[in-house]
Amino acid sequence: MINYQVRPYHQILIVECGEPLVEIPLELLAWESPHPYARLGAAYGEYSPYFLRQSVVNCLIKAQNYLDLVRPHWRIQIFDAYRPVAVQQFMVDYSFAMAVEERGLIAAELTPQQRQEIWQAVYEIWAVPSLDEKTPPPHSTGAAVDVTLVDDSGQVVNMGSPIDEMSERSHPDYYANSVEPGAREYHAHRQLLYDVMLKAGFQRNPKEWWHFSYGDQMWAWLNKQPTALYGRVL
Ligand SMILES: C[C@@H](N)C(=O)N[C@H](C)C(=O)O
Ligand SMILES: [Zn+2]
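Calculation criteria
Residues numbered from 1 in each chain as written. Chains lettered and ligands numbered in written order. Predicted model: local features only at pLDDT ≥ 70, side-chain atom pairs only at ≥ 80, totals over all residues. Heavy atoms only, no water. UniProt positions renumbered as here; feature names shortened; annotations may be inferred. Near = heavy atom within 4 Å. Polar contact = N/O pair within 3.5 Å; in protein donor to acceptor, adjacent residues only side chain to side chain. Areas by Shrake-Rupley, 256 points an atom, 1.4 Å probe, with all protein chains shown as cover. Pairing = 2+ DSSP bridges. Helix = DSSP H or I, 4+ residues; strand = E, 2+ residues; numbered from the N terminus. Contact = heavy atoms within 4.5 Å. Axes fitted to C-alpha atoms, helices over the stretch in contact; angles between N-to-C directions.

- Per an unreviewed UniProt entry, the protein is named D-alanyl-D-alanine dipeptidase, and its organism is Nostoc parmelioides FACHB-3921.
- The annotation that UniProt attaches to the protein under Catalytic activity (unreviewed entry) is "D-alanyl-D-alanine + H2O = 2 D-alanine".

Right under this line is the structure:
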């Protein structure tokens, strides 16, 4: 049996600083409309997905400013930001159902091994929808954001794989040493996104080219900080 709860960053103590969730100033950035998870039926309650903690919003604006310097008229595009635990649960269940379908299987007829293999694949990429205050899903803290880039003609930049794909192509350095057509360009795009986000104070999820955070447990762990600034919001 796999223990899906084990994540190295969960050892980090959270000292909640109490900063509010604030709306992301979308006019400075790009965003997907309708929101990809809302379109699937995810219910966000009193907040929309376009909320983050105040300091995280400040970092995002800084990242956009850095991007302006190196690629005028390019935009950071928000795919997802604040995500209540109920939405985390919704997306985990949705991803499980999609993975079952992609394998040509039927959920009610899965063997224990098939079920375990699919859950393992889901939790490779999704955080557990935990309600434990010591192990909040990163997006439920308002500190994590999934982003990509839009170029000066308004086209979404090709990163070599879509956001949320459950495969090794999601790993940030997947194309670093690849000879596949387009690999150099995809890696350069991922690196550009990483550079501007890192410079603004974010850390990147080691398994996902699009997931960045500031102030949560994953950020503290990657940044070698003893404590995280943000716990679960609701
Ligand atoms: C799958 C992706 N959208 C994501 O946000 N993954 C991280 C690990 C999460 O669920 O917090
Ligand atoms: Zn994410």
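Picking up after the structure, the text goes on.
A few points about the site of ligand 1
Point 1. As a matter of local geometry, ligand 1 sits amid 14 residues, with R83, Q88, I125, A127 and D164 nearest to it.
Point 2. R83 places a side-chain nitrogen or oxygen 3.0 Å from an oxygen atom of ligand 1.
Point 3. One of the side-chain N or O atoms of D164 is found 2.6 Å from a nitrogen atom in ligand 1.
Point 4. Here ligand 1 loses 98% of its free accessible area of 320 Å² to cover by the protein chains.

Details of the sheet that holds strand β3 (residues 30-31)
Point 1. Spatially, β3-β5-β6-β8-β7 is the arrangement adopted by the 5 strands of the open sheet, whose pairing is mixed. Both edges of this open sheet fall to β3 and β7 (203-204), since each of them pairs with a single strand only.
Point 2. In terms of strand pairing, strand β6 (residues 144-150) meets strand β8 (residues 211-213) through 3 bridges, oriented antiparallel. Its bridge partner lying in β8, V145 is registered against F212.
Point 3. Along the sheet, helix α1 (residues 54-70) makes contact with β5 (75-80) and β6, crossing β5 at roughly 145°.

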